[in-house]
Amino acid sequence: MAITEEKLGEVLGVYPEKVLVNRRRHIVLKEPDTETAQQIEANTRTLPGIITNRGCAFAGCKGVVVGPIKDMVHIVHGPVGCAFYTWGTRRNKAKAGDDGKNYVNYCFTTDMQESDVVFGGEKKLAKLIDEAVAIFHPNAISIAATCPVGLIGDDIGAVARAAEERHGIQVLAFQCEGYKGVSQSAGHHIANNMLMDKVIGNSDVETCDEPYAVNLLGEYNIGGDGWEIARILKDIGYHVVCVMTGDGSYEDMKLAHTADLNLVQCHRSINYIAEMLEIKYGTPWLKVNFIGIKSTCDSLRAMAAYFGNKDLMQKTEEIIARELARIQPVIDQYRKVCEGKTAFCFVGGSRGHHYQGLFSEIGIETVLAGYEFAHRDDYEGRLVIPTIKKDADSKNIPDLHVEADPKRFRIKIAPERLAKLKEKFPFNEYKGLIVDMKEGTIVVDDLNHFETEEFIKILHPDIVSSGIKDKYVIQKMGIPSKQLHSYDYSGPYSGFNGAVIFARDISMSFASPTWNYIVPPWKNQPFLNATINGGDQ
Amino acid sequence: MLEYTPKEMIKRDSGGMINPAKTCQPVGAMYAALGIHSCLPHSHGSQGCCSFHRMHLTRHFRDPIMASTSSFTEGASVFGGGANLKTSIKNVFAIYNPDVIAIHTTCLSETIGDDIPTAIRQSEIPEGKVVFHANTPSYQGSHITGFSNMTNAMVTYFSETKLADGKKEKFVNIIPGFVNPADMREIKRLTEEMGIKYIMFPDTSGVVDSPMTGKFEMYPSGGTTIPELKKTGDAKFTISLGRFASQMAAESLEKKCKIPFVSLKEPIGIKATDEFLMALRGAFATEIPESLECERGQLVDVMTDTHFHFHGKKVAIFGDPDVVTAMTEFCLSLGMLPVHVLTGTPGGALGSGLGGFEQEVKAMLNEAGVCGNVKAAGDLFTLHQWIKNEPVDLLIGNTYGKYIARAEDIPFVRFGFPILDRAIHPYMPVTGYRGALRLIEQISDALLDRCDRDAADEDFELVM
Ligand code: SF4
Ligand code: SF4
């Protein structure tokens, strides 16, 4: 059953007036295909009291972008909690590189006490940095500020500068207090701006010696996604200069300026870095999607087309053929279990879109989708970027303005050729989620608990992919729930191998016999009958 | 794994934590509030905290953990969060319709200094509904402190004396402390076996371990009701289980309604369970029933039959102070040697009942003639260093211990909060005699599986 405007009105009717007006603007009922996407409100405040899935800027900065950088020590400046909850909870896997440095299993915090809140925590922070350097010898250090830090006025930038002088390594201070912006997205910006400003290009190396050098941006190696992508790229002959940031290293990131092409996996968290890299170094970017078989193939073909080398193109086709021959028969088996089912797909800022193709490849149609912390361009496409007005909450996230680097800027592809490629492939382009949704489906921004429950009751999806906070709500309703933030501790789900694992996991959630036991046998058997059948009378 | 943790003990005086063994107050307050029937915990601060706390509790309990947030933005941080709180209360009652909203603060609202009682007073609260609060600044104590503060607020807001002339009714208040719902249920069962009436608060059994029915219940059947909370002021006496999590509320109840209390260990292990039953027996002049004596006898039987599995084994124990203290005592009664005992929660004089984790554990070790490291306000980096210097046969603690267990190749028993990598724990009690049996099972299994793993073929035993 589809949701009509009328039905939607009924559901939202429970809301107090202000909430109703606000929430209606975050919901789009997809109309018949049009050239331009319908408008949706996004990246605005969640109203107080609403049970949202959103987190804070700190979570986006330290938890998502900075935390995975493996050869750095990440110090959380604040009370203990923020550090504790971002310790090992996000599954951004990492293996030490040649220098053996990998600190992702450690958690550092100044553990602010009341006296630090009253008298300031700068000294404590400085000392902890000294200890971290003495014990761990990291390649660099990050400081992430939590809510109280900004309020009490600790100058973490000054602490960082002084520590840099003492230790001769970079110390990056991120002012990602949780109240900044309206979601994790603010934290991504704060994090990436700093990495762009202070880390990328901070090296004497001018060029990359390897052919086909690419950066993989916005890939966080959840469940090993990045490794599966790297496997495929390596087989074809690409060289990955750096990954931002899953299994990424500070040392590699410094060389990001040397790549020939930037691949953007998660548009939300990193598109502005890709743009800046183009302005500063002349490196174009390609919106890739390594989730789903077709998307993976499309992305690989676009990459090959960019470099335009015959051998590379041929190798790409060989690898695609090899992989498809291997995985398609397996996927087909799983598809039998999933065919004809429907899904909700509500995830962070990209996956709500990325996974729809993979779902449809195993026969599942997405009937509701949305993002937790995306902006309008992630829904409506980059066309709308110039029209998005800055509100009070986005104004306090400083913009970074870059210019062409006089020494390092080079044209990496002839503009005419790039223009030609753009006709076929998403170079410097993302069209957003809405255009890909079918008529009658529904798009919801910042889906909250109440709406999740209500939309499930109306649309009866067969599976809901979301996060841990609503997983068990959904399952209590007898519907399988697939966490697409953490993959329920499975994965990878990217590339070719990932598609198989995903298909296996999803069909397993349907095929599990455990669902059959929800209703006890006595519930649909009249008591009297049971007694008579038992032969007692 | 954890290769950068050196054996050499390094002087660290920053006061910072490396691999903390505690977390912040609000998560404990949220858990305690879930122990009230039809209550929606509300986190007054930015939405990130609420998200983290729900996430962690959900991962431990594998059940829906519902809570709302004031969703501060920078404006609220500058001008105060009163308006956000009032809007929250209005929206929560309209949309989620709980009977009770339990507000806890975060480091943000505490640093700003928001006046919660005033905001509550100025809010529209529908007839028959209740809003109460606890201050839970994350820069003091730990999640246990938060649990304690929220439990205490239940007393200060609700407990009342109805009976005249200092008369008391024949029932006991039981404050169970920060334990799993199964533990609360087990403590209630023991009390029922004794034939004694009780009110337990908070009581998360039936809330965070709700059954699968095909229907989502936002407010499951469990939890202490508000009338029950009110009635706690007429009890004969109060038993506080675990000083850090429960004693403050017991003291408040004594002050407010003149209810005497005893402060006991969490009834984990044989001695602490004995003491719990003896306290009930003494206060109500009721004999311990056959059934419980039999349970105890079975436990002693198993302890004796298997003592050679664990006697003399060195063990490191970490986690929350109340359960660690009790666990240490139990390990001693099994003949084990707890050579490293650590909690992340500070053991200082932060209000009532919070002193002396180190003294208490050291006294137990001394009495048993065990020489060991004991620390409050410690972190797992320290624990790991201790273990490198004096290796152990077994590690007992929450999920975060798995890194150390792997790094040092030590058998590991998961115990306490949070356990994020194994299910079932919230459903299986470790309290009472039966809980002690389960602990023995887990400890023996861990130790014997290791023996089996390490044995040469010719030494591989069928019977152990
Ligand atoms: S900001 Fe404070 S309350 Fe929130 S998670 Fe961090 S320590 Fe806990
Ligand atoms: S909102 Fe603030 S206190 Fe809470 S988790 Fe985020 S940074 Fe920490």
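Along every chain, residues carry numbers that run from 1 in the direction the sequence is written. Whichever chain is written first becomes A and whichever ligand is written first becomes 1, with later ones labelled in order. Side-chain atom pairs in this predicted model are given and counted only at pLDDT of 80 or more, local residue features only at pLDDT of at least 70, and totals for whole chains, interfaces and linings cover all residues. Only hydrogens and water are removed before side-chain values are computed, so all heavy atoms of the structure are retained for them.

Draft legend 1. Structural view of the site of ligand 1. When we say a residue is near a molecule or strand, we mean one of its heavy atoms is within 4 Å of it. All residues adjacent to ligand 1 are Pro79(A), Gly81(A), Cys82(A), Tyr85(A), Cys24(B), Pro26(B), Cys49(B), His53(B), Thr106(B), Cys107(B) and Ser138(B). Strands are runs of DSSP state E lasting at least two residues, helices are runs of H or I lasting at least four, and both sets are numbered from the N terminus onward. Broken down by secondary-structure element, the contributors of at least two residues to the shell around ligand 1 are helix 4 (80-85) of chain A together with helix 2 (47-61) of chain B. A per-element tally of the shell around ligand 1 places helix 4 of chain A first, with three residues. Under the convention adopted here, Pro, Cys and the residues Ala, Val, Leu, Ile, Met, Phe, Trp and Tyr are nonpolar, Asp, Glu, Lys and Arg are charged, and Gly plus all remaining residues are polar. The residue inventory of the shell around ligand 1, partitioned by class, reads seven nonpolar, four polar and no charged.

Draft legend 2. Just the sheet that holds strand 11 (residues 364-371) of chain A, in detail. All names here are of chain A. Overall, mixed pairing links the six strands, which are arranged 1-12-11-10-13-14 in an open sheet. Each edge of the open sheet is held by one strand with a lone partner, namely strand 1 (27-29) and strand 14 (481-483). Taking each pair of neighbouring strands and ignoring which way they run, the sheet shows an average axis angle of 20°. Relative to strand 11, strand 10 (residues 341-347) is paired through seven bridges, and the arrangement is parallel. Within strand 11, the position partnered with Val-347 by the bridge is Tyr-371. For this analysis, residues touch if any pair of their heavy atoms sits within 4.5 Å. For every element, the axis is a line fit to its C-alpha atoms; helices are fit only across the contacting stretch, and the angle between N-to-C directions ranges from 0 to 180 degrees. Docked against the sheet, helix 19 (residues 449-459) engages strand 1, strand 10, strand 11, strand 12 (442-444) and strand 13 (463-466), running at close to 170° with respect to strand 12. Two strands are said to pair when DSSP picks up at least two bridges between them.

Draft legend 3. Summary view of the interface of chain A and chain B. Contacts between the two partners involve 76 residues from chain A and, on the opposite side, 74 residues from chain B. In this assembly, chain A packs against chain B so that about 6600 Å² is buried in total across both faces, 65% of it on carbon and sulfur atoms. What counts as a salt bridge is simple: a side-chain nitrogen of Lys or Arg found within 4 Å of a carboxyl oxygen of Asp or Glu. At the boundary of chain A and chain B, one finds two salt bridges. The partner of Asp111(A) in a salt bridge is Lys22(B), and the shortest N-O contact between them spans 2.8 Å. Breaking the side of chain A that touches chain B down by element, the ones donating at least two residues are helix 3 (57-66), helix 4, strand 3 (108-109), helix 5 (114-119), helix 6 (122-136), helix 7 (147-152), helix 19 and helix 20 (468-476) of chain A. Here the side of chain A that touches chain B is composed, by residue class, of 40 nonpolar, 23 polar and 13 charged. Relative to strand 1 (residues 17-18) of chain B, strand 3 of chain A runs antiparallel, the two sharing two bridges. Its bridge partner lying in strand 1 of chain B, Thr109(A) is registered against Met17(B). Two parts placed together each lose some accessible area; with a 1.4 Å probe, that loss summed over both constitutes the buried area.

Draft legend 4. The arrangement of the side chain of His354(A) in detail. Relative to the helices and strands, His354(A) is located in helix 15 (residues 351-361). Polar side-chain contacts of His354(A) include one of 3.3 Å to the backbone oxygen of Gln265(A). Polar contacts, as used here, are pairs of N or O atoms within 3.5 Å; protein pairs need one atom able to donate a hydrogen and one able to accept it. Residues neighboring in sequence count only if both atoms are side-chain atoms.

Read these as geometric descriptors, not functional statements.
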